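Tertiary structure, described
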Amino acid sequence: MEEELDEKKEDSYEESAVAAEGVKTEKFRVDKQKVIGYVKRYAFLIVGLIIMSFGVAFSKKAALGSSPISSIPFVLEPITNGALKIGIATTIVNTLIVLLQIIILRKKFKWINLLQIPVCAVFGYLCQFAEWCITDIYLNAYWQQWLICITGIILVALGVSAEVTANVMTLAGEGLTLALCQVQSKIKFGYMKVIVDATLVSLAVALSFIFLHRLYFESVREGTAAAAICVGLLAKQFNRFMKPLGEKIFGHK
């Protein structure tokens, strides 16, 4: 009788051990899937930033005005007589945009989004690299400038779509757009992007006239207006295939 009880206890211990081992194995699989998922998402984000950096480089090469997110930093440099270089000005503006997100979202703001600031710094280096890659492109006609400008707009929109699809970290401009979408859920991302870009360009124009008493053409021109209107709308169209592609790569919605 005692031997039968001992055998039952041993069987019970073995079953418990097997069950515990199964739980550990399942947990390990889940954790491994999460890690792989995040790696894929960050890789997707980096690809998006690279695409976007080439879009910015092409826009600058076109010499028809900077991109909307860069319009204010471009104006700040001549306003401060070169004291604020484009890199420092960009960091300051992006930091202010992140602070604006905190004001808009309040308790809903996720503090990990402060990483937008170093991400923007990395993006700045990528833009410099992209600019170096297209150094040998020379433009001799106005229509060539527009061709390069349109290429830049398309690449920026594609990069924005990939950045949002990755859903791990965004640049400050897209972070502001997403924050506004949270409080104004009826307005879709593409349309909100147009509103944000148009507002940034308007501020750049206002600063230019207030402090320089003229329009600073290196910052704001017809290409800037085209980017402000088209990037958000194109990003909205790219999302139609970018989101399903992301779900396929990441393995789940």
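The written sequence of each chain sets the order in which its residues are numbered from 1. Note on the predicted model: pLDDT of at least 70 is required for a residue's local features to be given, and 80 or more for side-chain atom pairs to be given and counted; whole-chain, interface and lining totals, by contrast, use all residues. To get the side-chain values, all heavy atoms of the structure are used, and hydrogens and water are removed first.

**Topic: the pattern of salt bridges**
- Here, a salt bridge means any side-chain nitrogen of Lys or Arg that lies within 4 Å of a carboxyl oxygen of Asp or Glu. This model, assessed by the stated rule, comprises three salt bridges.
- Across the pair Lys 193 and Glu 174 runs a salt bridge whose closest N-O atoms are separated by 2.4 Å. Pair noted here: Lys 193 is in helix α7 (residues 189–212) and Glu 174 is in helix α6 (residues 172–183), with a separation of 19 residues, a long-range link. Like Glu 174, Lys 193 is buried.
- The closest approach of N and O atoms between Asp 197 and Lys 193, which form a salt bridge, is 3.4 Å. Here Lys 193 and Asp 197 lie together in helix α7, a separation of four residues that amounts to about one turn. The helix count covers DSSP runs of H or I at least four residues long, the strand count covers runs of E at least two residues long, and both are numbered beginning at the N terminus. Three exposure classes are used, based on accessible area relative to the maximum for each residue type with a 1.4 Å probe and protein chains only: buried under 20%, partly exposed in between, and exposed over 50%.

**Thoughts on unusual backbone geometry**
- Of note, the phi angle at Arg 106 is positive, near 55 degrees, even though the residue is not glycine.
- Counting through the fold element by element, Arg 106 comes out in the loop between α3 (86–105) and α4 (116–133).
- Residue Arg 106 is classed as exposed on the basis of its relative accessible area of 67%.
- Phi at His 213 is positive, roughly 60 degrees, even though this residue is not glycine.
- For His 213, a relative accessible area of 66% puts it in the exposed group.

**Some details on the layout of surface pockets**
- Residues are called lining when one of their atoms sits within 4 Å of a cavity or pocket point, these points coming from a 1 Å grid over the protein atoms alone, where a cavity is a set in which a 1.4 Å probe fits but cannot get out and a pocket is an open set with protein on both sides within 12 Å along at least five of seven lines. Grid points are joined across faces, edges and corners, and a volume is the space filled by probe spheres set on the points. Looking at the largest pocket, its volume works out to about 1000 Å³.
- If you go around the largest pocket, you meet 39 residues; those closest to its centre are Arg 41, Val 164, Thr 165, Asn 167 and Val 168.
- Of all the secondary-structure elements, those providing two or more residues to the lining of the largest pocket are α1 (2–62), α3, α5 (142–166), α6, α7 and α8 (222–250).
- Per-element tally for the lining of the largest pocket: the top contributor is α1, with eight residues.
- Looking at the lining of the largest pocket residue by residue, the classes come out as 14 nonpolar, 15 polar and ten charged. Gly is put with the polar residues, along with every residue not named as nonpolar or charged; the nonpolar set is Ala, Val, Leu, Ile, Met, Phe, Trp, Tyr, Cys and Pro, and the charged set is Asp, Glu, Lys and Arg.

**Structural notes on the packing of α6 against α7**
- The geometry of α6 relative to α7 is characterised by a closest axis approach of 9 Å and an angle of 120 degrees between their N-to-C directions. One finds that α6 runs oblique with respect to α7. In this structure, α6 crosses over α7, and the sense of that crossing is right-handed. For the pair formed by α6 and α7, the contact residues are Gly 173, Glu 174, Leu 176, Thr 177, Leu 178, Leu 180 and Cys 181 on the first element and Phe 189, Met 192, Lys 193 and Val 196 on the second.
- The class makeup of the residues in the contact of α6 with α7 is seven nonpolar, two polar and two charged. To obtain an axis, a line is fitted to C-alpha atoms, over the contacting stretch when the element is a helix, and the angle between two such axes runs from 0 to 180 degrees between their N-to-C directions. Any angle from 65 to 115 degrees is called roughly perpendicular, while one under 35 is roughly parallel, one over 145 is roughly antiparallel, and all others are oblique. For any helix crossing, the convention is left-handed if the near helix is rotated counterclockwise from the far helix by under a right angle, and right-handed if that rotation is clockwise. Only heavy atoms matter for contacts: two residues are in contact if any of them lie within 4.5 Å across the pair.

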